[in-house]
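Secondary and tertiary structure notes
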Amino acid sequence: MSKHELKNSIIIGFALFAVFFGAGNLIFPPAIGIVSGTHWVTAIAGLTLSAILLPIITVFAISNMGGETEHLCRPVAPWFSFVYLVFFVLFVGFLGVPRQGGTAIESGLFGLFPALREMKLSLFFGLVVYFSIVFYLNCNPTKIVDRVGSILTPFLLVILLYIIFMSVVRPIGVPLENGMEGTFTNAFLTGYQTGDVVVGIVVASMFVASIRDHGYTEKKSMMRMTFQAAVVAFLGLLLVYGGLLYLGATGAKHFSPDMDQTDLLISLVKMSVGSIGSSALSVAIFLACLTTTTGIVSSMANMVFRMSKGKIPYKLVVALSCLIGVAVGTIGVSAIVKISFPTFFLIYPVSIVLAFLGAFKRFVPNHGGWKGAVLMAAVIGVYDAIAAFNDMGTLHISMGPLETLYKMIPLSGYGIAWLIPSLVGLVVGCLVVKAGHGPAYPMIPDEENA
């Protein structure tokens, strides 16, 4: 590898890291760590699979399918990309954006000024100010967000590396045995809530474009650069998420597993590195969430504008996103996380299956495999979402014999009941299309099939 290629790998890899490394995701690893106790290594494995490896696979999938989300969805059906993008907009607009705003206020502003937490309506007014800034920045385009973002990610990373270093050389405690079972599954399913597999499928195209802009236009060189950049992003995310998870595991003696996730993050950091380090982290989290939210709202507004062919104005989508952000954000980050958990069961299996199909398209004989696999993933996802809402008490739908049938599915006890049915759907779908003697990929141009 030449120095020039190494430099490009690092630059693109850090850009990929920055997108998946949302400041709002920082609340999950410590919370996983504190319930995992002595099984923190197993927990890191589960989180690594769902929150790091699977999102990175989406980049390979998009790259392998010609660089566009539409290309990835097209083998399922011509209309599927539209439906998927609508789900993405609803998913991000009603869950992702409010969670980012809530994290900015609860972990950022309240971490810096703890007294505000006790004041009435402080969260509401904080969110109003936060989303007013987001609205202004999106309606008055300026490069300041990009510039601040390019500075903040390294700044936040340096702070986190320092915190992780101190948690290892001067731990606040030792991981405790808590008798918890299913540590891997808990971490794996909690990793869904980063939302990065869904985000990756939609935004990975810009990384493919960036790789091409660096001169890697041939498929072989492009895939090689994608792999090298992915390694950089993978190692960065593993270090940060793994380190914060371990920090949470060492705090089991001092904090309750039922503690609010944003409070837990700030309290662990304060105990580990003191008030100055905690304050620096709070400032970085607030500003990093602000730049991330601004970018996501802008992307979402542009997407809706294009999907509606200009009928839904850009500023209207920005305004609605900000209003929803304030309204939903006022229930608190922990409540948003709890409510959103069943939703992830609905959209994640389909997203993971799409990512693998795209990344390994050469091994899938025809579009029937895509249809069968995605259909089965969607069916299991719907069941899992309804069951999760039932467990929360939000719904009261009797599953009856379906529950018995579901428990017979291999790996259902590990939260991945969709895996075997999707593989069966893939095989059956391929055989059906092959028996019909139709074209393997009729919806994909010849140059993409090559």
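What you see is a predicted model, and the numbers here were worked out from it, not measured in a lab.

Rules and cut-offs
Residues numbered from 1 in each chain as written. Predicted model: local features only at pLDDT ≥ 70, side-chain atom pairs only at ≥ 80, totals over all residues. Heavy atoms only, no water. Helix = DSSP H or I, 4+ residues; strand = E, 2+ residues; numbered from the N terminus. Rg over C-alpha atoms; globule rule 2.2 N^0.38 Å. Buried < 20%, exposed > 50% of the residue type's maximum accessible area, 1.4 Å probe, protein only. Contact = heavy atoms within 4.5 Å. Lys, Arg positive; Asp, Glu negative; His and termini not counted. Charge placed at Lys NZ, Arg CZ, Asp CG, Glu CD. Axes fitted to C-alpha atoms, helices over the stretch in contact; angles between N-to-C directions. Parallel < 35°, antiparallel > 145°, perpendicular 65-115°, else oblique. Left-handed = near helix turned anticlockwise from the far one by under 90°. Nonpolar A, V, L, I, M, F, W, Y, C, P; charged D, E, K, R; others polar. Salt bridge = Lys/Arg side-chain N within 4 Å of Asp/Glu carboxyl O. pLDDT = per-residue confidence, 0-100. Disulfide = S-S within 2.5 Å. Phe/Tyr/Trp six-rings, centres within 6.5 Å; stacked < 30°, edge-to-face > 60°. Expected span 1.5 Å × (residues − 1). Bend = angle between axes of the 7 residues up to and from the residue. Patch = residues over 30% accessible without salt bridge, like charges linked within 9 Å, V, L, I, M, F, W, Y side chains within 5 Å. Areas by Shrake-Rupley, 256 points an atom, 1.4 Å probe, with all protein chains shown as cover.

Bringing the overall build of the chain into the picture now. When helices and strands are counted, the chain shows 17 helices and 0 strands. The C-alpha atoms of the chain give a radius of gyration of 22 Å, which matches the 22 Å a tight globule of 450 residues would have. Considering the chain as a whole, with its 450 residues, one finds that 54% of them fall into the buried category. Considering only residue pairs separated by 6 or more positions, the chain has 84% of its internal contacts joining residues 24 or more positions apart. The positive charge centre, built from 25 side chains, and the negative charge centre, built from 20, are 7 Å apart in the chain.

We now examine the packing of helix α9 (residues 196-213) against helix α10 (residues 219-250). Packing of α9 against α10 brings their axes to within 11 Å, and their N-to-C directions diverge by 135°. The orientation of α9 relative to α10 falls into the category oblique. Taken as a pair, α9 and α10 cross one another with a handedness that is right-handed. For the pair α9 and α10, contact is made by D196, V208, I211 and R212 and by M222, M225, T226 and Y241, respectively. Class assignment for the residues of the contact of α9 with α10 results in 5 nonpolar, 1 polar and 2 charged.

What follows covers the environment of L320. Tracing the sequence through the fold places L320 in helix α12 (residues 314-329). Remark: the alpha-carbon pair of L320 and K371, spanning 51 residues in sequence, is separated by 34 Å.

The subject of this paragraph is the pattern of salt bridges. The final tally for this structure, using the stated rule, is 4 salt bridges. The salt bridge involving E70 is made with R74; its shortest N-O contact spans 3.7 Å. Exposure remark for E70: the relative accessible area of 44% places this residue in the partly exposed category.

Let's shift gears to the confidence of the model for the chain. Within the chain, residue pLDDT values average 89, and 96% of them lie at 70 or more. Counting interchain partners and residues more than four positions distant, the pLDDT-below-50 stretch residues 446-450 has 7 contacts.

In the structure shown here, the tally under the stated rule is 0 disulfides. Unpaired in this structure, C139 has its nearest cysteine sulfur neighbour in C322, at a distance of 7.7 Å. C430 takes part in no disulfide bond, and the closest cysteine sulfur to it belongs to C73, at a distance of 18 Å. Using a relative accessible area of 8% as the deciding quantity, one classes C430 as buried.

Looking now at the packing of aromatic side chains. Applying the stated rule across the entire model yields 17 aromatic pairs. Arranged with centres 5.3 Å apart and planes meeting at 70°, the rings of F124 and F125 form a pair that is edge-to-face. Looking at F124, the relative accessible area reads 35%, which means it is partly exposed. With a centroid separation of 5.1 Å and 85° between ring planes, the pair formed by Y130 and F131 is classed as edge-to-face. We classify Y130 as buried; its relative accessible area is 1%. Among the aromatic side chains, those forming a connected cluster through ring pairs are F91, F184, F188, Y192, F341, F344, F345 and Y348.

With that settled, the discussion passes to helix α13 (residues 333-359). Here α13 contains 27 residues, and its C-alpha end-to-end distance of 34 Å is more than 12% below the 39 Å for a straight helix at 1.5 Å per residue. Taken as a whole, α13 carries its principal kink of about 35° at T343.

Side chains of I312, L316, L320 and L323 sit close together on the surface and give an oily, nonpolar patch of about 360 Å² of accessible area. Summarising the element assignment, I312 is placed in the loop between α11 (261-307) and α12. In this structure I312 comes out as partly exposed when scored by relative accessible area, which is 35%.

The next subject is the environment of Y192. Of note, Y192 is situated in the loop between α8 (183-191) and α9. Separated by 198 residues in the primary sequence, Y192 and N390 place their C-alpha atoms 19 Å from one another. Ignoring any residue separated from it by four or fewer positions in sequence, one finds Y192 in contact with S50, F344, F345, Y348, I352, G415 and W418.

Now for α12. Between the first and last C-alpha of α12 there are 22 Å, a value that for 16 residues agrees with the 22 Å anticipated at 1.5 Å per step. Where α12 is concerned, the buried positions are Y314, V317, V318, S321, C322, G325, V326, V328 and G329.

Turning to the environment of D384, a few remarks are in order. Along the chain, D384 falls in helix α14 (residues 367-392). For D384, a relative accessible area of 8% corresponds to the buried category. Separated by 28 residues in sequence, D384 and S412 have C-alpha atoms that sit 9.9 Å apart.

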